[in-house]
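# Structural overview for review
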Amino acid sequence: MRLSTIALLTLATFVSQDSCTEASPIPDELTNGLSNLSELSSVDEVETIALAPSLAVSMPEMIENPSFSSTEFSSKEVSSASITNVLDQTWLATLVKMSQGEPQSSIKHPISVAQMSPGSSLNYELTQTITLLNTLLIVATLVPSLTILFFWLVRRLIVKEIVEQAQKKLNHIENLEAKLKASKQRYQQLIKELELQIATTQESVNFLTREAKASKSSIEQVETLKSQFIFRLQGMISEVQDLKEQALKDLHEKTLETKESIQALQNQNSVSLKGLSSTSDSTELFSENSIHSPILPSTNSSQSSQLMIADDYLKKGESFFLEGQFKEALTCLEQAITANPQLEQAWFKKATILARLQRYFDALDAYNQYLNLNPGKYDGWYNRGNILVRLQRYEEAIASYDQAIKIKPNDYESWHNRGAILRKFKRFDEALESYNKALEIAPNKCQIWHNKGNILAKLQRHEEAIYSYQKAIKINPNKWELWSSQTHTLSELQRYEEALQSVEKALILKPNHFELLKMQGDILGKLNRNLEALEVYKKALSIKSDSYETCFETGETLVKLQQYSEAIIIYEQAINLKPDSSAAWRSKGMCLEKLERYPEALSSYDAALSCQSDDAETWRYRGSLLSKLKQYPEAISSLGKAISIQKELRTAKSQTVCD
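Residues numbered from 1 in each chain as written. Predicted model: local features only at pLDDT ≥ 70, side-chain atom pairs only at ≥ 80, totals over all residues. Heavy atoms only, no water.

## Some details on the overall build of the chain
Helix and strand counts for the chain come out as 30 helices and zero strands. Every one of the 659 residues in the chain was classed for burial, and the buried ones make up 33%. Summarising the internal contacts of the chain: among those between residues at least 6 apart in sequence, 53% fall at separations of at least 24. Of the roughly 41,700 Å² of accessible surface on the chain, 55% is carried by carbon and sulfur atoms. (Helix = DSSP H or I, 4+ residues; strand = E, 2+ residues; numbered from the N terminus. Buried < 20%, exposed > 50% of the residue type's maximum accessible area, 1.4 Å probe, protein only. Contact = heavy atoms within 4.5 Å. Areas by Shrake-Rupley, 256 points an atom, 1.4 Å probe, with all protein chains shown as cover.)

## Concerning the pattern of salt bridges
Enumeration over the complete set of coordinates arrives at 16 salt bridges. A salt bridge links glutamate 396 to arginine 393; its shortest N-O distance comes to 2.8 Å. A relative accessible area of 33% means that glutamate 396 is categorised as partly exposed. The closest approach of N and O atoms between aspartate 606 and arginine 622, which form a salt bridge, is 2.8 Å. Of this pair, aspartate 606 sits in helix α28 (residues 598-611) while arginine 622 sits in helix α29 (residues 616-628), and the two are 16 residues apart along the sequence. Residue class for arginine 622 comes out buried when judged on its relative accessible area of 14%. The network of salt bridges with common partners includes Glu395, Arg427 and Glu430. (Salt bridge = Lys/Arg side-chain N within 4 Å of Asp/Glu carboxyl O.)

## Quick word on the side chain of asparagine 530
By the secondary structure assignment, asparagine 530 is in helix α24 (residues 530-543). Leaving out residues up to four positions away in the same chain, asparagine 530 has contacts with Gly525, Thr557, Lys560 and Leu561.

## Side note on the side chain of lysine 350
Looking at where lysine 350 falls in the secondary structure, it is placed in helix α13 (residues 344-356). Nearest to the buried, unbridged lysine 350 among oppositely charged side chains is glutamate 334, at 4.2 Å. Discounting chain neighbours no more than four positions away, the residues touching lysine 350 are Leu330, Leu333, Glu334 and Ile337. (Lys, Arg positive; Asp, Glu negative; His and termini not counted.)

## Some remarks on the environment of valine 389
Structurally, the position occupied by valine 389 is in helix α15 (residues 378-390). Between the C-alpha atoms of valine 389 and isoleucine 421, which are 32 residues apart in sequence, the distance is 8.3 Å. Discounting residues that sit within four places of it in the chain, valine 389 has contacts with Tyr394, Ala397, Tyr401 and Ile421.

## Some details on helix α22 (residues 496-509)
Between its first and last C-alpha, α22 extends 20 Å over 14 residues, near the 20 Å set by a 1.5 Å rise per residue. Looking at α22, one finds that the buried residues are Tyr496, Ala499, Leu500, Ser502, Val503, Ala506 and Leu507. On an axial view of α22, the arc spanned by its buried residues comes to 165 degrees, and they lie on one face. For α22, the exposed residues set more than 90 degrees away from the buried face come down to Gln501 and Ile508. In this structure, the buried side of α22 is in contact with α21 (480-492) and α23 (514-526). (Expected span 1.5 Å × (residues − 1). Arc of directions from axis to C-beta.)

Here you go:
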């Protein structure tokens, strides 16, 4: 079937669907071309049946008009006519029949517009539209190439529109996938946080349970120790009283014996004098010398030294110690040890005084002597560990604390000090275990919670660290170090608003502390509150002007505020403090470039590269500046160097990840 035939059948279908509208007469121009339609081939019967219009189309109302047609149609006849007859009477059906080779004599007169009822609801504008549409359809039928071109263009536009719509849908799907992925990540993060909170809560419950048990046990121990102490104190008082009475009794007896000896000696001298000549001067002198012999005071001194026993020296040394006269106390204690080398308390007091005088080696020897006499003394091992820490003999100190813990496992101080040493050696897990043990015994010790928080921060367990800091702050909110540590951990979690509040609390307790001011400036910079950050940095520099880091951060803040001239001054100050700072030279060069002082900027970049030749950022800035100066070969060389360095860094990073 040829294309023109298909087109005519398509038009016939359109006309049959619009047969309810008013028909228009065939134009004269078209009647002249009807003779040429006889050349069209006949339509296949099957196709004709398939292309036949639907019988559901309503019939148009007809009226007779003798001036246009010799055949008259009444309204009743038109309403009873079949759809096929009506279609056969249209001018487009006539064209189809002529194209199939039917004789013109068999073609009935078409229904003209004059036969339509004047009372029809269709208006004139619709008639004109239908006429124009019929005209266009005829043109499309007669010129198939134009029709093909028209439909090809329409097809392209439709395909383009479909592609655009599909692309929009795909973009929308991608956005939904990204949101879904972000939601999934947030969901996983929330799950982790919830698990952490549950674990923390469980730990708190366990801790409170242990605390209640420990408190009950501690109260019982305190009562027991109290009763034991009172009993021992009463015994000591009684013993001292007995010793005092015995000493007084011995002294009285010795005094009586001395008096009797003196009396006997005097009597003996008198008897001797009676047997000598009274005229002898030498005899008188002898008698006088015998009576006032120096033996008497010598005998009294020896007896007094014997009476001053080791316990008396110990008590006298303790008195000097309480008065802060350490040298006199040490002398008395050494005398007590000389009198009784087995006196444990004398060695212990001596070691304590030597530690106060910072004579740590001598103090260690004294503690060793004390522990040799009584190795089961907790205080000896504990103090020995403290001395070893002073001497930086940390492994021995840990061993000493371990011995103290074996003797007295419920004393928190040994656990705490042991944890501090383990933290120094970065044995964080063991240190954390020691701090937990100490907190089981003494849960209200602020310092232990603080140190535990520091350990957790080192282990990147920031949420748990913050919990420890808050516990310590609850116990002692007036300690600025706690607020400072909490601020640092909150900054690590990028919770800058909370970190700012925390550092402000620390500054209330320590208003002009340099480190706190610098920390506050850093946080304000993270929050893009650059003017406030600048004021804080200036205040910090007024306290400590030789801080390179603060100078550099001040310069970075001025760059954010586009105050390039002031930034250059600060960067120069930083360079004076640290001449080999590649970052300071590079930042200064960037400011000079912003001020279009290109030669100076290039010199700054070169100085930065002389400090650090593998700085890709500096090579990139240098290449960009040379490009502005139209020095293209050098610019290409600098940019290539930057690319090469970045590539090496990526390669090294990927190898590290693989390892």
